[in-house]
Amino acid sequence: DGGITQSPKYLFRKEGQNVTLSCEQNLNHDAMYWYRQDPGQGLRLIYYSQIVNDFQKGDIAEGYSVSREKKESFPLTVTSAQKNPTAFYLCASEGTGNQPQHFGDGTRLSIL
Amino acid sequence: AQRVTQPEKLLSVFKGAPVELKCNYSYSGSPELFWYVQYSRQRLQLLLRHISRESIKGFTADLNKGETSFHLKKPFAQEEDSAMYYCALSGQGGFQKLVFGTGTRLLVSP
């Protein structure tokens, strides 16, 4: 399912550094989501956007920021305020008409 | 509060044995339930959803509102079924946030 592309696949962050994870989709989906996946905790919602130039906080938004300037793109910034950023990050998109969410391959973020 | 509970972290069975992955939920209202699957080195993908009432790869799941359960079943497991399975729920209509369970790893041995 090449409709959603996440990059990079692996990312390393230094202390005090902000890093940005990319998520692009060519499915013409209106909604996009960012999840964090930790071992034994399943997926938790960070931020989501249902339309361009609008987004809402999910359950664990602290230390993260997003933007939605284009329909195709929903980048996630992990700020230095996120004290435990090491995790696997998944992006998803969803079309209208009660469609299921489609997921990307994910980005694994680690701390140097 | 919305919650999905998958009590088993790991379920190990032999090929040809029946499989049941448990999922219980709490939700005030009428949720929509899903099973997502993640095979090794593949992305997370939808396996089935309760509104479709279909069997995918031999798997079925019935929504039991009385027991607030959505267990995933397959009568005869195959080795290629080995994967991580996540139960999830959302509200109905429009774009809805998904709430995921913690996942169950299914291991099917020959």
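Small disclaimer: the values here were computed from a predicted structure and weren't measured.

**Notes on the packing of aromatic side chains**
Residue and element names in this part refer to chain A.
Argument step 1. Considering all chains together, one arrives at 12 aromatic pairs over all chains under this definition.
Argument step 2. Ring plane angle 15 degrees and centroid distance 6.1 Å describe the contact between Y33 and Y48, whose orientation is recorded as stacked. Of this pair, Y33 sits in strand β4 (residues 31–38) while Y48 sits in strand β5 (residues 42–51), and the two are 15 residues apart along the sequence. With respect to burial, Y33 and Y48 carry one shared label: buried.

**A look at the interface of chain A and chain B**
Argument step 1. Each side of the interface is counted separately: chain A has 25 residues, and chain B has 17 residues.
Argument step 2. Of the roughly 1800 Å² buried at the junction of chain A and chain B (both faces included), carbon and sulfur atoms supply 53%.
Argument step 3. Contact with chain B buries area across many residues of chain A, yet L43(A), N98(A) and F103(A) alone supply 28% of it, more than any other trio.
Argument step 4. Joining chain A to chain B, the criterion identifies one salt bridge.
Argument step 5. Between R43(B) and D105(A) there is a salt bridge whose closest N-O contact spans 2.9 Å.
Argument step 6. Our count for the contact surface shared by chain A and chain B stands at five residue pairs in polar contact (both at pLDDT 80 or more).
Argument step 7. Elements supplying a minimum of two residues to the side of chain A that touches chain B: β4, β5 and β9 (87–94) of chain A.
Argument step 8. The residue inventory of the side of chain A that touches chain B, partitioned by class, reads 10 nonpolar, 11 polar and four charged.

**Side note on the sheet that holds strand β7 (residues 60–61) of chain B**
Residues and elements named next belong to chain B.
Argument step 1. With respect to topology, three strands assemble into an open sheet ordered β3-β8-β7, the strand pairing being antiparallel. At either margin of the open sheet sits one strand with a lone partner, and together these are β3 (19–21) and β7.
Argument step 2. In the sheet, β3 pairs with strand β8 (residues 72–74) via three bridges, with the strands oriented antiparallel. Counted as the bridge partner of V19 is K74 from β8.

**Some words on the nonpolar core**
Argument step 1. Within the largest apolar cluster, 25 residues are counted, with the highest numbers of intra-cluster contacts made by W35(B), L72(B) and Y85(B).
Argument step 2. Contributions of two or more residues to this core are made by β2 (10–14), β3, β5 (32–38), β6 (45–49), β9 (83–90) and β11 (104–109) of chain B.
Argument step 3. The element that contributes the greatest number of residues to this core is β9(B), accounting for four residues.
Argument step 4. Setting aside anything within four residues of it in sequence, one finds L72(B) in contact with V19(B), E20(B), L21(B), W35(B), L47(B), L48(B), F59(B), T60(B), A61(B) and Y85(B).
Argument step 5. In terms of nonpolar packing, the next biggest core, distinct from the first, is built from 20 residues, W34(A), A61(A), Y89(A) and L109(A) among them.

**A closer look at the sheet that holds strand β1 (residues 4–7) of chain A**
Residue and element names in this part refer to chain A.
Argument step 1. With respect to topology, four strands assemble into an open sheet ordered β1-β3-β8-β7, the strand pairing being antiparallel. Strand pairing shows two members of the sheet lacking a second neighbour, β1 and β7 (64–66), which therefore form its edges. Put simply, the sheet's adjacent strands are angled 20 degrees from each other on average, direction ignored.

**Side note on the side chain of Q37(A)**
Argument step 1. By secondary structure assignment, the location of Q37(A) is in strand β4.
Argument step 2. Within the structure, the side chain of Q37(A) is placed 2.6 Å from the side chain of Y86(B), a separation counted as a polar contact.
Argument step 3. Not counting residues up to four positions away in its chain, the partners in contact with Q37(A) are G42(A), L43(A), A87(A), F88(A), L90(A), Q38(B) and Y86(B).

**Comments concerning the pattern of salt bridges**
Argument step 1. Applying the stated criterion to the full structure yields eight salt bridges over all chains.
Argument step 2. With its nearest N and O atoms 2.9 Å apart, the salt bridge here joins D38(A) to R44(A).
Argument step 3. For D38(A), a relative accessible area of 11% translates into the label buried.
Argument step 4. Of the charged contacts in the structure, one is a salt bridge between E20(B) and K22(B), with a shortest N-O distance of 2.7 Å.
Argument step 5. Take E20(B): its relative accessible area is 29%, and that puts it in the partly exposed class.
Argument step 6. Residue classification places K22(B) among the partly exposed positions, given a relative accessible area of 30%.
Argument step 7. Salt bridges linked by common partners bring R36(A), D38(A) and R44(A) together as one network.

Conventions and cut-offs
Residues numbered from 1 in each chain as written. Chains lettered and ligands numbered in written order. Predicted model: local features only at pLDDT ≥ 70, side-chain atom pairs only at ≥ 80, totals over all residues. Heavy atoms only, no water. Phe/Tyr/Trp six-rings, centres within 6.5 Å; stacked < 30°, edge-to-face > 60°. Helix = DSSP H or I, 4+ residues; strand = E, 2+ residues; numbered from the N terminus. Buried < 20%, exposed > 50% of the residue type's maximum accessible area, 1.4 Å probe, protein only. Contact = heavy atoms within 4.5 Å. Buried area = accessible area lost by both parts, 1.4 Å probe. Salt bridge = Lys/Arg side-chain N within 4 Å of Asp/Glu carboxyl O. Polar contact = N/O pair within 3.5 Å; in protein donor to acceptor, adjacent residues only side chain to side chain. Nonpolar A, V, L, I, M, F, W, Y, C, P; charged D, E, K, R; others polar. Pairing = 2+ DSSP bridges. Core = buried A, V, L, I, M, F, W, Y, C linked by side-chain atoms within 4.5 Å. Axes fitted to C-alpha atoms, helices over the stretch in contact; angles between N-to-C directions.

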